[in-house]
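Chain by chain, the residues:
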Amino acid sequence: MNTKSLYQEVILDHNRKPRNYGVLEKPSHQAVGHNPLCGDHLDIALDLEGGRIDRIAFKGESCAICKASASMMTTVVKGKTRADAETLIEEFRDMAMGKLDVDGPHHLGRLTVFAGVRDLPTRVKCAILPWHTLHAALNSVTVASTEAEDDPMHAAIGDA
Ligand code: ZN
């Protein structure tokens, strides 16, 4: 299966059956993320137990790429330490922005199906939003926007 059809298959599959979709009762950390360019809106809630992401769930109104990215993200970071999750957040962001050598060393595994978004400037933020929101939640920032002034992503991508 080539990369493009694998990508489409993953997007379809996660939209049909989003993993960890729903609401957590009394999460230890949560954040809301917005991507005004597309209209994506996401809630991410998680429990950090002994430094590990014990439970995680997401909910929201978003496009297919954003939803698939969120769904896959929750399955990958569940059980990971906060530090490992932060590493993945950075790597995913760099990959989506075309700054990561996908063939080089990284920890993204099957998340590399999203590597193609780097060639779709309008979709980059859709794919990154869940990761951006997870980062905000882990750092106890309750609202994240892809358009925030202090957002390094914003500066790097611009309004392309
Ligand atoms: Zn979107």
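Overview of the structure. (Residues numbered from 1 in each chain as written. Predicted model: local features only at pLDDT ≥ 70, side-chain atom pairs only at ≥ 80, totals over all residues. Heavy atoms only, no water.)

Considering unusual backbone geometry
Glycine aside, negative phi is the norm for most residues, and most peptide bonds take the trans geometry. Not every positive phi belongs to a glycine, and Asn20 is a case in point at roughly 55°. Along the chain, the position of Asn20 falls in the loop between helix H1 (3–16) and strand E1 (29–35). The phi angle at Ser140 is positive, at roughly 55°, despite the residue not being glycine. Residue placement: Ser140 occurs in the loop between helix H4 (121–138) and strand E4 (143–145). (Helix = DSSP H or I, 4+ residues; strand = E, 2+ residues; numbered from the N terminus.)

Brief notes about the coordination of the zinc ion
Looking at the zinc ion, one finds its protein donor set to be Cys38 (SG), Asp40 (OD), Asp40 (OD), Cys63 (SG) and Cys126 (SG), positioned 2.2 to 2.6 Å from the metal centre. Mapped onto the sequence, the donors of the zinc ion take the spacing C-x1-D-x22-C-x62-C. Here Cys63 is found in the loop between strand E3 (52–61) and helix H2 (64–77), whereas its partner Cys126 is found in helix H4, with 63 residues between them in sequence. For Cys63, a relative accessible area of 18% puts it in the buried group. (Donors = N, O, S within 2.8 Å, 3.2 Å for Na, K, Ca; no water. Buried < 20%, exposed > 50% of the residue type's maximum accessible area, 1.4 Å probe, protein only.)

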